[in-house]
Amino acid sequence: MSKQQKSKNLKSDQQANRQLNSAIAEGDNFSLAFLKGVSFEIRKNKNFDLINQKSKKVYLQSISISKAKEKLPLIQNQINYKLKSIEEYLLANHFLKVIDINMKNISRLVVGLGSEHVFETSLTLDYIWGIPYIPSSAIKGGCKAAAFWEIVLSRLNEKKSQNEISQDKINEVAKDVYQELYDEENLLYFVDNDKRILLNKLIFGAKNFEGLFTFLDAYPQNLSESTSIFELDIINSHYPDYYSDPINNPAGDWYNPQPVNFLAVKPGIEFKFIVFYDKHRAEKLVKFFETKSICETKSICFELIQLLEKDNFKIFKNIIKTALNFYGIGAKTRLGYGLFEEVRRDN
């Protein structure tokens, strides 16, 4: 094949690829465009192992503009129907709904940033409806992390003998709390009469015990009011050569920063958070503690289940609100991402 023919075929392939790329971007399902509609032009070398950030930026901007705004109300109805069906099933099986609140993100939200993706930066999307959502595992993990650090902080305050606490001391206390929570197989095991450890296991579970709370995925609730959901963001890599080959390239200030573009959910998107309490299993635990020979630990466990249900599950509600208001959900939470505030509507 002549060079002229090869060049002609290459141009033809590039044109066909651009047409396919444009067709997917213009489609109804954002998830399909984001996950499957990636142009070869975004890969800038013959091995397709490097990303052209400029082309990636243009592509993300093109697909993040909704081409099917008229279908958002339909998607919203389908989401509400799904959540209602799950709720009816759980209520019929002796679960009790303890959390049903709408909260909006006051900072950018990125869930699933590190998931596998050809762009090397991803985003968790519903594969049917193509909208961002927060998986139940991410919500539970955020609440679990918040509860963990609240225990660590309370222990540090109890042992505080001077104005400043060293990082070594923080690491030591965090390690102790982690071992008590996750390394010990016995549900009823805790140290120094710290009931918070046992309460944490009842809420989130232990190695051989499923927690008493069931978290649902959190979906957007104001889709029909939103003109756009996404914003373009960057991770600015100041030492690209060092990260790719740290042995031969020191981390110096002479490298050119290379912004890495990624999509984030913009602030102001309202999500519905729903959590259920397994009342049936809790009652079985209470009966077990009542009928078996009661040792001190089992008595404390019985007491904590009653405490958990007291004041309409106030303890658990404080945990989830602390997680969402202060610690954040998703990626880059230490930079202020993933923070929420409760949506209050005037009656």
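Note that the structure is a prediction, hence the values are computed from the model and not measured. (Residues numbered from 1 in each chain as written. Predicted model: local features only at pLDDT ≥ 70, side-chain atom pairs only at ≥ 80, totals over all residues. Heavy atoms only, no water.)

K.L.:
Just to check I follow, could you spell out the overall build of the protein chain for this structure?
P.N.:
From N to C terminus, the protein chain includes 11 helices and nine strands. Contacts spanning at least 24 positions in sequence make up 73% of the contacts within the protein chain whose residues lie at least 6 apart. Accessible surface for the protein chain amounts to roughly 20100 Å². Of this, 49% is attributable to carbon and sulfur atoms. (Helix = DSSP H or I, 4+ residues; strand = E, 2+ residues; numbered from the N terminus. Contact = heavy atoms within 4.5 Å. Areas by Shrake-Rupley, 256 points an atom, 1.4 Å probe, with all protein chains shown as cover.)

K.L.:
What am I meant to see in the environment of Ala264 here?
P.N.:
Within the fold, Ala264 resides in strand β7 (residues 258-265). Using a relative accessible area of 0% as the deciding quantity, one classes Ala264 as buried. A C-alpha to C-alpha distance of 6.1 Å links Ala264 and Arg108, two positions 156 residues apart in sequence. Apart from the residues within four sequence positions on either side, Ala264 is in contact with Arg108, Leu109, Val110, Ile229, Phe230 and Glu231. (Buried < 20%, exposed > 50% of the residue type's maximum accessible area, 1.4 Å probe, protein only.)

K.L.:
Looking at this structure, I do not really get the pattern of salt bridges. What am I missing?
P.N.:
Side chains that carry opposite charge are capable of pairing whenever their charged atoms lie near each other. By the definition in use, this model includes 12 salt bridges. The shortest N-O distance in the salt bridge between Lys195 and Glu303 comes to 3.0 Å. Separated by 108 residues along the polypeptide, Lys195 in helix α7 (residues 195-204) and Glu303 in helix α10 (residues 296-309) bring together distant segments of the chain. Taking the shortest distance from any N to any O, the salt bridge between Glu309 and Lys279 comes out at 3.2 Å. Taken as a pair, Glu309 in helix α10 and Lys279 in helix α9 (residues 279-291) lie far apart in primary sequence, 30 residues in all. Classification of Glu309 as partly exposed rests on a relative accessible area of 26%. You can call Lys279 partly exposed: its relative accessible area is 26%. (Salt bridge = Lys/Arg side-chain N within 4 Å of Asp/Glu carboxyl O.)

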